[in-house]
Every structure is written in structure tokens, then in C-alpha cells.
Amino acid sequence: MKDYRFPQEIRDVIRDALPQDTAVFGQTPDLKYTFTPTGHSRALHPDAMLVSGIRGAGKSFWWTVLQSEEHRRMVAHLLPKSDISENTKVSVGFGERSSPDDYPGKDTLVRLSEEFDPRQIWRSITVRQVIKGKAEDLLLPTSGWVDTIKWVIDHPEDVERLLFKADQELDKASVHRLILFDALDRTADDWPTMLKIIRGLLQVLLEFRSYKRIRPKAFVRPDHLEDTKPIDFPDSSKILSQKVELRWPRTELYGLLWQYLSNEPNQGRLFREGCQSFRNLSWNQYREVWTVPDKMRTEEEVQKEIFHSITGPWMGRDRRRGFPYTWLPNHLGDASGQVSPRSFLSAIRQASEDNPRSEYVYALYYESIKRGVQEASRIRVREMQEDYPWVDILLKPLSGLTVPCRFAEISRRWEDGNILNRLQHDISSAAVKLPPVHLKEGANGIRQDIETLGVFERMTDDRVNLPDVYRVGYGLGRKGGVKAVARK
């Protein structure tokens, strides 16, 4: 059926299905909203011990999902190449959620790192998780992490035999033991300490490659690996070469959207039946969860037709303004072109909450989609403030600037506002944690740090550009671009 249009009620489905906040904060996501991107199959595989992803890419999501037997069963069903099964044994080596019996929290970890090599700290945590619940667990002191680490250091042969025996038993049962590490930015408040701690964890990942079934798996941010300090140990390239990135290409983003809309408990049928009527797509269920048909997950032309039956075919009065299907993710990517699913869903949800236009025959008006991008940009900027407060100090003075522009214009604004001295002062007074790594190199060093975060983009003629997902929220302009939002 050509020229199909979803009824206006699809706006209610979008608004009710999409969450206001997709951050998991240690909570296991609802099974029906657990989308399994085909491209993440490799990242979930037990042999992928180092997984990298920008904020919102799904690191904490998978850290949480893999801990749930029910979710692992679904992953095994939908992503068989991941080699994850309900029988995979999973425990936690570090994460946002406090669990002092399983791993030390940040303050304890920092204190321990002053006394012990971080490699021995992570090794002790891993040993504890591997033998947890076994008779051998009684060998490890329970009086505190200091005693546990000392015991592991003082009993190298015992530790070796414990791990060897555990690995043999797991191999005999054809079962993997995953120990998950996430939220590594919460391991310290300063870069030197955090990088030292991450370095120790990477050493442990390398060490455990020799086992068949014991697999520490670390979820890291790209900037954790930009500095050379965490990787300045022999054979670190063996770990880095096997790093897997969590990425969200366009088809996976729309697959995620379909997962939410089709499983909305009250009116999800409206979406499913609409897709079936004009595209003859059949829906299946895994238990009570509607699974997205393959064509809706992988074929861009099918996805485009469905999305345009909600939004209309253009981002304006005619095709010169672009097509909503490509326009939206193109305006949400960072300088590396990576789009977080959190930004994508937030933009569409915000668009559904905008006032409908009676004269527009489709459910989502193109100007509403632009407002959705503004909201997604606000959220992205807020996340940046939480993760890197110093970026806010440097970007606020650029409000009103039009990009692309020469870096000299940016540097001049920093000089006029005495911004770098102010940043130095805030760092000295501990108001800014995890400052830019190349701060000592001045404005050019800071430019490099902001480029690493995907906020600045260096153009071929050396000018600076900002992707819309940051430009709009930080109040910078662009000719013909989405209008910037006012900064408070």
C-alpha cells in the first residue's frame, strides 16, 4: 500500500513508549524494551574482553543485561553468534552500583592503589569472583580488601592452582565465567590515578587471555584509551587489537525505535498493524516480547517508508530540506559520526510532545523534529557537564559564535575571558575533576582534548566545526542550521 499514513494516535504510542530517561543506573531494563542490535553480537562474545563506547552507547546497559539470566536467555535466542547463554556464569568486578563484598568502591580503590599495584587489586577481585560460592572461597580472607590482596600476592602458586582448577571445571561444563567491569570513570577523581587503575585492569585482561573459560570483560570510554599511560606495558597491543566498539548505525537506531513502539502495552498494536497493512510485515514474539521483523531491522528502504509514514517525506516544504529518516541521525552524531541511542529516542519523544499542526497530515511535524534535536542537544550538553565539567567552562564563552570558524576566534574568546586561568584555578581548588589531559600545552592542547571527545571537529582547512548535537545546546550558530537554544 503506497502513501500510507499512520493516524495521529501514533503520537500517543511514541510518547507512552519512549522513556524520558534511558539511563539504566544499575537497573535491569524491561525485557520487552531490550533491543539486541546484530552489530553488538561481537561485543557481547566472551572473548571480547575490552569493549569501548561513548556515553549512552550501551555499556552500562549490557553490563546490567548480562547479569540477568532471563535476559541472557533472550540474547542467546536472538543473537546466537554472541555465544552468550542462560548458563553463562556472570559476576561483577566493578560498577556504578555499590557492592563492597564484590569489589571496593571508589574511595577504597584509590586508597588501595596507593599501597598496591592496581593489577593486583583487579586480580584479587577477579579471583574472588571466580571462586565465589566454592569451597576454595574459604581460603580468601573476608576481613577486608587489604587482607584479600595481600593473600593473593603472598600465595601466587595457590592462586594459580585455584584459577587453573576453576577454568578446567568451566571448560568441562562448556560454560564461560564473565566478570564485568563498568563505570571506570568512577574509579578516581583525577586522571593520573584513574589511568593507573585502568592500566592495571588492562593488564589483568591480558593475563586472563591464557584461560579458556574465565573472561574479565571491561566496558570503557574511548578517552580512557587515548592516553598512552594505560597501555604502556608489554603486549598491550594484544588487548587493544581485540577491542570491540559499541556503535549504532542508522538501521540499529530505527530497529531500537521499532522495538519500543511495537511493545508499547496499550497501543503498540496500532504500530504493528500499520506496518503489517502497508508493508505486509509479519510479527513474531519471543515469550511476551514482540520482536522486530528482519526487514525492519536491516533494510533502510523499509525503515524509511515506515518512518516517513509518521513524519512525512521531507524536512520542509520540499525535498531540498532533506529527508527525516536521514536528517535526524545526521544531526545527532558527534564529530566521529556516532549517535547515542539516548539522544535519538529523546529527540523523537520530544517531537511527539510538541503541539500538533492541524494543517499537517502526518503525525510528526518536521519543525517538531527540529525541536526534538534541540532537546537532545540539551541532554547531551548536560551529560557532558556531568562527565567533563571543564568542557562547559570552555564552551560557554563561545555562545553566539558561528561555526565553522578559525580556531583563532575561539582562542581569542578564551583569552578575552581569561578562561584558561580560571580553569587552572578551578582545578587547583578541586572544583574541576578529571581536567583536560593536555592542559599544560595551552589552547592548542585543549583543542586536541575537545576533539578527542567528539565535540570539536577539525576540518580539512583547519577550521573548527561543532556537530549539531553540541552546537545547538552550547548556543553556537550555523548558517541554515537548527536554531541554537538559549543557555542559562
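Residues numbered from 1 in each chain as written. Predicted model: local features only at pLDDT ≥ 70, side-chain atom pairs only at ≥ 80, totals over all residues. Heavy atoms only, no water.

Caption draft 1: Focus on the overall build of the protein chain. Helix and strand content of the protein chain: 22 helices and 9 strands. Relative to the globule expectation of 23 Å for 488 residues, the C-alpha radius of gyration of the protein chain, 24 Å, shows essentially globular dimensions. Seen along its three principal axes, the alpha-carbon backbone of the protein chain occupies a region of about 75 × 60 × 35 Å. A burial count over the protein chain gives 55% of its 488 residues as buried. In the protein chain, once contacts between residues fewer than 6 apart in sequence are set aside, the share between residues at least 24 apart is 72%. Total accessible area computed for the protein chain in this model is approximately 22,000 Å², and 44% of it derives from carbon and sulfur atoms. Of the side-chain charges in the protein chain, 74 are positive and 70 negative, and the distance between the mean point of each set is 4 Å. (Helix = DSSP H or I, 4+ residues; strand = E, 2+ residues; numbered from the N terminus. Rg over C-alpha atoms; globule rule 2.2 N^0.38 Å. Buried < 20%, exposed > 50% of the residue type's maximum accessible area, 1.4 Å probe, protein only. Contact = heavy atoms within 4.5 Å. Areas by Shrake-Rupley, 256 points an atom, 1.4 Å probe, with all protein chains shown as cover. Lys, Arg positive; Asp, Glu negative; His and termini not counted. Charge placed at Lys NZ, Arg CZ, Asp CG, Glu CD.)

Caption draft 2: Focus on the sheet that holds strand β2 (residues 89-94). With parallel pairing, 5 strands are arranged side by side in an open sheet as β2-β3-β4-β1-β5. The open sheet is flanked by β2 and β5 (244-245), the only strands paired with a single partner. The strands touched by helix α6 (residues 118-130) within the sheet are β2, β3 (177-181) and β4 (214-220), with β3 carrying the most contacts at an inclination of about 140 degrees. (Pairing = 2+ DSSP bridges. Axes fitted to C-alpha atoms, helices over the stretch in contact; angles between N-to-C directions.)

Caption draft 3: Fine view of α6. Helix length check: α6, at 13 residues, gives a terminal C-alpha distance of 18 Å against a target of 18 Å (1.5 Å per residue), a fit within 8%. Where burial is concerned, most of α6 is hidden: 12 out of the 13 residues are buried. Restricting attention to buried positions, one finds in α6 the residues P118, Q120, I121, W122, R123, S124, I125, T126, V127, R128, Q129 and V130. (Expected span 1.5 Å × (residues − 1).)

Caption draft 4: Layout of the pairing of β3. Extensive coverage of β3 is indicated by the burial of 5 of its 5 residues. Residues R177, I179 and F181 point to one face of β3 and L178 and L180 to the other, with burial holding for every one of them. Bridge count for β2 against β3 is 5 bridges, and the pairing is parallel. Pairing of S91 across the sheet is with I179, part of β3. Sheet topology note: the β3/β4 ladder contains 5 bridges and is parallel.

Caption draft 5: Geometry of the packing of helix α11 (residues 250-262) against helix α16 (residues 341-353). Two elements in contact, α11 and α16, have axes whose closest approach is 10 Å; the angle formed by their N-to-C orientations is 55 degrees. The orientation of α11 relative to α16 falls into the category oblique. Classified by chirality, the crossing of α16 by α11 is right-handed. The segment α11 lies against α16, with L253, Y254, L256, L257 and Y260 engaging P341, F344, L345 and I348. For the contact of α11 with α16, the residue count by class is 9 nonpolar, no polar and no charged. (Parallel < 35°, antiparallel > 145°, perpendicular 65-115°, else oblique. Left-handed = near helix turned anticlockwise from the far one by under 90°. Nonpolar A, V, L, I, M, F, W, Y, C, P; charged D, E, K, R; others polar.)

Caption draft 6: Representation of the nonpolar core in the model. The biggest cluster of nonpolar side chains holds 148 residues, and the ones touching the most others in it are L328, W414 and F456. No other element matches the 10 residues that helix α9 (residues 191-207) contributes to this core. W414 has contacts with L394, L398, F407, I419, L420, A443, I446, I450 and F456, leaving out every residue within four places of it along the chain. (Core = buried A, V, L, I, M, F, W, Y, C linked by side-chain atoms within 4.5 Å.)

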